[in-house]
Amino acid sequence: MSKFVSATLIATALLMLSARYSSPTLAGTCASKCGPRSIQFKPGQNIILEVINNTYSSIKLQKPYTTSPITLQPGQKLQLEQGDGTEPNISLLFWNEAGLPLKATVSKANFATLRVEFRPTWYAPGDRAIYILDDGRVNML
């Protein structure tokens, strides 16, 4: 009987201590920790892709089923107009000619321009594609 009483007392003490030190933020929203908002365009909007090569080697760009690979020299800036808007989904594939990993930073330069800046990175495999969905969201692959 004494073992049952002592086990009950220990269990009660543990429950009271855990209730006393519980944090009310566990059930909160991510309002302060959601991270940056994703880039999004209006569905069907005509957009311009502005790509900038900030690396020390050439980069190849290709819009699948639309263009053959385009070479972007170091320091070069290029604008690709997407005539049919965000419908259907748009993909832009890119790779470093030397096989080095790339870091692509995307930003919304203005209402209708998606700016993509390429930089070298040490983290393999790096970024490889930008995918603009028909609902206007921009994903990095």
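For the structure itself, look to the data block above.
Owing to the predicted nature of the structure, the values given are computational and were not obtained by experimental measurement.

Undergrad: Kindly report on the side chain of Glu117, identifying the contributing residues and their values.
TA: For Glu117, the location among the structural elements is in strand β7 (residues 113-120). For Glu117, the side chain forms a polar contact with the side chain of Arg119, separated by 3.3 Å. For Glu117, the contacting residues outside a window of four places in its chain are Ile52, Asn54, Lys103, Ala104 and Thr105.

Undergrad: I'd love a proper account of the sheet that holds strand β8 (residues 129-132), names of residues and values included.
TA: Strand order across the open sheet formed by five strands is β3-β2-β5-β8-β9, with antiparallel pairing between neighbours. One side of each edge strand has no neighbouring strand; the edge strands of this open sheet are β3 (70-72) and β9 (138-140). Averaged over all pairs of adjacent strands, the angle between strand axes in this sheet comes to 20°, irrespective of strand direction. Sheet topology note: the β8/β9 ladder contains three bridges and is antiparallel. Within the sheet, the bridge partner assigned to Ile132 lies in β9 and is Val138.

Undergrad: How would you sum up the environment of Lys60? Please name residues and give values.
TA: Inspection of the secondary structure assignment puts Lys60 in strand β2 (residues 59-62). Separated by ten residues in the primary sequence, Lys60 and Ile70 have C-alpha atoms spaced 5.5 Å apart. Contact partners of Lys60, with chain neighbours within four places excluded, come to Pro69, Ile70, Thr71, Leu93, Phe94, Trp95 and Glu97.

Undergrad: Could you give me a rundown of the sheet that holds β7, with the residues and numbers involved?
TA: Across the sheet, four strands lie side by side as β4-β1-β7-β6; this open sheet has mixed pairing. In the strand order of this sheet, the two ends are held by β4 (77-82) and β6 (102-110), each with one partner. Taken over all neighbouring pairs, the strand axes of this sheet differ in orientation by 20° on average, direction set aside. Judged from the six bridges that link them, strand β1 (residues 47-53) and β7 form a sheet pairing that is parallel. In the strand pairing of β7, Glu50 is matched with Arg115.

Undergrad: Help me get a handle on the pattern of salt bridges, residues and values and all.
TA: What the rule picks out here adds up to five salt bridges. Across the salt bridge formed by Glu50 and Arg115, the nearest N and O atoms sit 2.5 Å from each other. In this pair, Glu50 is assigned in strand β1 and Arg115 in strand β7, connecting sequence segments 65 residues apart. Exposure remark for Glu50: the relative accessible area of 5% places this residue in the buried category.

Undergrad: With reference to specific residues and values, describe the packing of aromatic side chains.
TA: Counting across every chain of the model gives one aromatic pair. Measuring from centroid to centroid gives 4.7 Å for Phe94 and Phe118, while their planes differ by 55°, and the two rings are tilted. Placement of Phe94 in strand β5 (residues 90-96) and of Phe118 in strand β7 is noted, with a sequence separation of 24 residues between them. The ring of Phe41 carries Lys108 above its face, with NZ or CZ at 4.7 Å from the centroid.

Definitions and limits used
- Residues numbered from 1 in each chain as written.
- Predicted model: local features only at pLDDT ≥ 70, side-chain atom pairs only at ≥ 80, totals over all residues.
- Heavy atoms only, no water.
- Helix = DSSP H or I, 4+ residues; strand = E, 2+ residues; numbered from the N terminus.
- Polar contact = N/O pair within 3.5 Å; in protein donor to acceptor, adjacent residues only side chain to side chain.
- Contact = heavy atoms within 4.5 Å.
- Pairing = 2+ DSSP bridges.
- Axes fitted to C-alpha atoms, helices over the stretch in contact; angles between N-to-C directions.
- Salt bridge = Lys/Arg side-chain N within 4 Å of Asp/Glu carboxyl O.
- Buried < 20%, exposed > 50% of the residue type's maximum accessible area, 1.4 Å probe, protein only.
- Phe/Tyr/Trp six-rings, centres within 6.5 Å; stacked < 30°, edge-to-face > 60°.
- Lys NZ or Arg CZ within 6 Å of the ring centre and 35° of its normal.

Purely spatial values, then, with no claim about function.
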